Amino acid sequence: MPEQQPYEAGRAIAGTGMGGAMDLAASEATTLERTPGGPEGTGPAGKPRSLWSDAWRDLRRNPVFLASALVILFLVFISIWPSAIASGNPLTCDLAKAQDGSAPGHPFGYDGQGCDVYTRTVYGARTSVTVGVLATLGVSVFGSVLGGLAGYFGGLWDAVLSRITDIFFAIPVVLGGLVLLSVVTSNTVWPVIGFMVLLGWPQISRIARGSVITAKQNDYVQAARALGASDSRILLRHIAPNAVAPVIVVATIALGTYIALEATLSYLGVGLKPPSVSWGIDISAASPYIRNAPHALLWPSGALAVTVLAFIMLGDAVRDALDPKLR
């Protein structure tokens, strides 16, 4: 029988991976633990990476994400500081220049009222981004809370909310906007945002409900409940962080949809109204002059299309990064 080696504090035993072991100094063992080239799915110290760290690593390598993120950052920048790239006033018009083409200092030309198309296109980004972001936040918070509570507690609360969700799903969005917003006289973005939240929460609610039902069946939730954790602690500390990924994906894609919906409602005359500056308003005003001044229609339409496409591409990239089945 081999003689047993005395224990030394400065030594460590490391597996060789072939059924044996090798004797290492403590400094050598520490170096082995910190080797960055560990097994796939482990961090620098051999610890398993989280879903979020893996997702961020994949996103940084995704050219679609990088391109869409740059476009969105530029839109946010001009939404906050439109005067940085447009020095004119979007409400200043000169009928003598109506439908004129591009000129020095006015690269996009003029619309049917003699307003600078470039300035109005830049300032229109503020309205679209504001409506899209605030509507998405409202829908995400309201829908996630209702759907999460329904999925966690179940029973009568879940049944009632499911039937209410079915009713809201049956309402056509554009038709609902024509009916509800036609009686609103306010010229701010808040009625439009409120309408989007009113009809947009069922989708997020259903996604959150299904995600919470899946998460609450995991072993760590059962262990927390067995240890006497309260419902609020289980929801906030254990379920919400592991159920929020699908909500983020759907909300990111929906943000572009809300921007397009605002432009549609403004085009139909029930969303934002003049003197507000909006791409939908400019597209509506330029439509009768499409033969004589197509530039007045193409520039705000192009800006709207690029914005919606950027958010949809961003949502697709986030979905691919957060979906474990696609790894």
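Since the model is a prediction, treat every value here as computed from it, not as a measurement.

Thresholds applied
Along each chain, residues carry numbers from 1 onward, in the same order as the chain's sequence is written. Reporting of local features is limited, given that this is a predicted model, to residues whose pLDDT is at least 70; pairs of side-chain atoms are given and counted only at 80 or more, and all residues count toward the totals for whole chains, interfaces and linings. Note that the side-chain values use all heavy atoms of the structure and ignore hydrogens as well as water. Helix and strand definitions follow DSSP, with helices as H or I runs of at least four residues and strands as E runs of at least two, each counted in order from the N terminus. Throughout, exposure labels follow a simple rule: accessible area from a 1.4 Å probe, protein chains only, divided by the maximum for the residue type, with under 20% read as buried, over 50% as exposed, and the rest as partly exposed. Contacts are assigned to residue pairs that have any heavy atoms within 4.5 Å of one another. The accessible surface values rely on the Shrake-Rupley method and a 1.4 Å probe; as for residues, cover is taken only from the protein chains in view. Buried Ala, Val, Leu, Ile, Met, Phe, Trp, Tyr and Cys residues that are joined via side-chain atoms within 4.5 Å together make up what is termed a nonpolar core. Residue count minus one, scaled by 1.5 Å, sets the expected span of a helix. What makes a salt bridge here is a side-chain nitrogen of Lys or Arg within 4 Å of a carboxyl oxygen of Asp or Glu, nothing more.

On to the overall build of the protein, then. A count of helical and extended segments in the protein gives twelve helices and two strands. Ordered by position from N to C terminus, the α and β elements of the protein give β-β-α-α-α-α-α-α-α-α-α-α-α-α. Each of the 327 residues in the protein was classed as buried or not, and the buried ones make up 39%. Taking all contacts inside the protein whose residues are at least 6 apart in sequence as the whole, residues at least 24 apart take part in 64%. Carbon and sulfur atoms make up 65% of the accessible area of the protein, which amounts to about 18300 Å² in all.

Turning to the nonpolar core, a few remarks are in order. For soluble globular proteins, the rule of thumb is that nonpolar side chains tend to be buried together. Of all hydrophobic cores here, the largest spans 36 residues; its most connected members are Phe 65, Ile 259, Leu 304 and Leu 322. Of all the secondary-structure elements, those providing two or more residues to this core are helix H2 (51-60), helix H3 (63-80), helix H4 (117-153), helix H10 (245-267), helix H11 (279-286) and helix H12 (295-322). Here the element with the most residues in this core is H12; it accounts for twelve residues. Ile 259 has contacts with Ser 128, Gly 132, Leu 304, Thr 307, Val 308 and Phe 311, leaving out every residue within four places of it along the chain. One finds Met 196, Val 197, Ala 208 and Ala 254 within the second-largest nonpolar core, a separate group that totals 23 residues.

Turning next to helix H5 (residues 155-169). If you check H5, its first and last C-alpha atoms are 21 Å apart, about what 15 residues at 1.5 Å a residue would give, namely 21 Å. In this structure, the buried residues of H5 make contact with H4 and helix H7 (190-215).

Right, let's talk about the pattern of salt bridges for a bit. Counted under the stated rule, the structure contains seven salt bridges. Here Asp 166 makes a salt bridge to Arg 163, at a shortest N to O gap of 3.0 Å. Here Asp 166 pairs with Arg 163, and both are found in helix H5, just three residues apart, close to one helical turn. Since its relative accessible area comes to 32%, Asp 166 is described here as partly exposed.

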